[in-house]
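Survey of secondary and tertiary structure
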Amino acid sequence: MSDTFEVREAWERSRRLAQTAVSEASRRVRDYAKAEADYYAAKAKAALRMKAEGVPATVISATVKGDPEVNRLLYERIAAEGLYRAAMKAIDVYRDDARNTYDEYRRTMTGDNL
């Protein structure tokens, strides 16, 4: 990219992508928090049910994750966490790209093409 206009366009595109990634991360962190809350609520409910059914307390912790509803919510929590972490990584990537293209843009504006 040597043309100043092209470099500026690339910089603006990187900034837009970074802003979109921040918005996406905000949405995904809410989804992750809800999935985590749902998982822990279902886990507690299943543990109390097992306790009421007379399951020994020493095995409740290990067996509660085998409950189909708890297991499904655990899967959703793990998936939501992965999506959130991917969005956070995208922020880093786009932010770095915006910095690099801005630096290149400044060099083209000052004529300092190293």
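All of the points below concern the structure found in this document. As the structure is a prediction and not an experimental result, all values here were calculated from the model.

Here we come to the packing of helix α1 (residues 4–52) against helix α3 (residues 68–110). Any two packed helices are characterised by how steeply their axes cross, that is the angle between the axes, and by the distance between the axes. Where α1 contacts α3, the two axes come as close as 7 Å, and the packing angle between them is 165°. As the angle between them shows, α1 and α3 are arranged roughly antiparallel. Helix-helix and strand crossings are classified by hand; for α1 and α3 the assignment is left-handed.

Attention now moves to the nonpolar core. If you look at soluble globular proteins, the nonpolar side chains tend to sit buried side by side. Counting residues in hydrophobic clusters, the biggest one holds 9 residues: Tyr39, Ala42, Ala46, Met50, Ile60, Val64, Val70, Leu73 and Leu74. Sorting the residues of this core by element identifies α1 and α3 as the ones contributing at least two each. Among the elements that make up this core, the one with the highest residue count is α1 (4 residues). Not counting chain neighbours up to four residues away, the residues in contact with Tyr39 comprise Lys65, Val70, Leu73, Leu74 and Arg77.

Rules used in this analysis
- Residues numbered from 1 in each chain as written.
- Predicted model: local features only at pLDDT ≥ 70, side-chain atom pairs only at ≥ 80, totals over all residues.
- Heavy atoms only, no water.
- Axes fitted to C-alpha atoms, helices over the stretch in contact; angles between N-to-C directions.
- Helix = DSSP H or I, 4+ residues; strand = E, 2+ residues; numbered from the N terminus.
- Parallel < 35°, antiparallel > 145°, perpendicular 65-115°, else oblique.
- Left-handed = near helix turned anticlockwise from the far one by under 90°.
- Core = buried A, V, L, I, M, F, W, Y, C linked by side-chain atoms within 4.5 Å.
- Buried < 20%, exposed > 50% of the residue type's maximum accessible area, 1.4 Å probe, protein only.
- Contact = heavy atoms within 4.5 Å.

These results come straight from atomic positions and should not be treated as a statement about function.
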